[in-house]
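# Summary of structural features
For reference, the chains in residue letters:
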Amino acid sequence: MNVLALIDELAQVGRNPSTGGYDRLAWTAADVELRAWFTQTAHARGLEVETDRNGNLWAWWHAELPGTALVVGSHLDSVPSGGAYDGPLGIASAFAAIARLQDAAVLPGRPVAVVAFADEEGARFGVACAGSRLMTGALDPDRARALRDVDGITLAEAFAATGRDAVHLGADDARMRRIGEFVELHVEQGHLPSSTGDDGLGAAPLGLATSIWPHGRWRVDIRGQQNHAGTTRLADREDPMIGLARVIIAVREAAGRERALATVGRVQVHPGAVNAIPGAATAWIDARAGEENTVRRVLADVARTTGFVATEESWTPETRFDEDLTAALNDAVGPDLPLLPSGAGHDAGVLALAGIPTAMILVRNPSGVSHAPEEYADEDASVLGVEALAEVIRLRSRARVLA
């Protein structure tokens, strides 16, 4: 089972012909097709598949064995016009690693599971890592059910449209107790400085993430007076687009002053007519940095310079991955792999905050581009990633070779 061949099987699922990227938003037709692929791929290797109460997919290798499970995997959804590797590389590598062990007549000594967490990107309903947050109890189910996409469809309605009942959403304590460790393999995103002094992984094919930067999402609502674009004097206009422009510039300038990362990645204008002065505009801010206080200063600077106060919609504190597990992975895969923080959030971070020993393997992306069609995983590094993950599964599951 070749990891890149598995990725190629998904090449047309949710493909955007205009951009070449992928539109794989949660609980859409593309997402349903991806979930069917997950099930078929798992069954081809004799794995048992189930969907939990929050829509996360699980493929079990010897679920009957005693002890807590070693869980590997990632997610399958994408941002609009996203890349091919963010999420799917972790799923495909997990399946390929298990196939490699099966072909070598290796039997785990504890349960092993491949998980595909639902709605990791949060691109449709605005809350990232929704499936893992719900499972761990970090996301209130009533809030989740009421989340709406740009078309006004609630998460509960989208969930139901795929044949599931959103009434069961929420913390899954029994499943959490079953998870002993979680290892997520992921394509490298960006080129943050690593322990080797390089920008990102440099020439190294693999690395390990040590932490996830604190990060959050905020909403800025700007009110104006809707009016005719061709009859309203400039002096009489209450145009929220002017405030929107100030917010966008202020976010960039504040991030530069604080050496943070901040973006206005989405705006919404009402009513959105070319010949009408808008009545309202909304901007969503994504801000991240190595320290929480730095992120908070960015938002304070934006409020001070524009007069608009942002409403926090989500926040994730700094997340440290398990040092012992990370060291064990370095011993198994390394030695001396580059260590670096992640500026991107992951389901691994959600589980780490919930107390699950968690670690992340990163696969080299020479360009560093992610969340875009140009996203790329180095071919040789991808193969090494599968070999590394197979070795991690072998060691951490206390596997043995059948006679």
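Residues numbered from 1 in each chain as written. Predicted model: local features only at pLDDT ≥ 70, side-chain atom pairs only at ≥ 80, totals over all residues. Heavy atoms only, no water.

The N-to-C vectors of helix H3 (residues 88–103) and helix H12 (residues 379–396) enclose an angle of 60°; their axes lie 8 Å apart at closest approach. With respect to H12, the element H3 is oriented oblique. For H3 against H12, the interelement crossing comes out right-handed. Residues Leu89, Ser93, Ala94, Ala96, Ala97, Ile98, Arg100 and Leu101 of H3 lie in contact with H12, whose contacting residues are Ser382, Val386, Glu387, Leu389, Ala390, Ile393 and Arg394. Here the contact of H3 with H12 is built from residues that sort into ten nonpolar, two polar and three charged. (Axes fitted to C-alpha atoms, helices over the stretch in contact; angles between N-to-C directions. Helix = DSSP H or I, 4+ residues; strand = E, 2+ residues; numbered from the N terminus. Parallel < 35°, antiparallel > 145°, perpendicular 65-115°, else oblique. Left-handed = near helix turned anticlockwise from the far one by under 90°. Contact = heavy atoms within 4.5 Å. Nonpolar A, V, L, I, M, F, W, Y, C, P; charged D, E, K, R; others polar.)

The first and last C-alpha atoms of helix H2 (residues 29–44) sit 23 Å apart over 16 residues, in line with the 22 Å expected at 1.5 Å per residue. Within the span of H2, buried status applies to Ala30, Asp31, Leu34, Arg35, Trp37, Phe38, Thr41 and Ala42. Angular distribution of buried residues about the axis of H2 spans 155°; they occupy a single face of the element. Exposed and facing more than 90 degrees away from the buried side of H2 are Ala29, Gln40 and Ala44. Elements that come into contact with the buried residues of H2 comprise helix H1 (3–9), strand E1 (48–51), strand E2 (57–61), H3 and strand E5 (112–117). Of the residues flanking the end of H2, it is Gly46, one or two places downstream, whose phi is positive at about 75°. (Expected span 1.5 Å × (residues − 1). Buried < 20%, exposed > 50% of the residue type's maximum accessible area, 1.4 Å probe, protein only. Arc of directions from axis to C-beta.)

A cis geometry characterises the amide bond from His270 onward to Pro271, with omega recorded as 5°. Along the chain, Pro271 falls in the loop between strand E10 (261–270) and strand E11 (276–277). A cis geometry characterises the amide bond from Gly334 onward to Pro335, with omega recorded as 10°. Topologically, Pro335 is positioned in the loop between helix H10 (323–333) and strand E15 (339–342). Even without being a glycine, Trp27 presents a positive backbone phi close to 60°. On the basis of relative accessibility, which here comes to 7%, the residue Trp27 falls in the buried class. Positive phi, normally seen in glycine, also occurs at His371, with a value near 60°. In this structure His371 comes out as partly exposed when scored by relative accessible area, which is 37%.

Using the criterion set out here, one finds 20 salt bridges in the structure. For Arg175, the salt bridge identified is with Asp52, shortest N-O distance 3.9 Å. Separated by 123 residues along the polypeptide, Arg175 in helix H7 (residues 173–178) and Asp52 in the loop between E1 and E2 bring together distant segments of the chain. Classification of Arg175 as buried rests on a relative accessible area of 13%. (Salt bridge = Lys/Arg side-chain N within 4 Å of Asp/Glu carboxyl O.)

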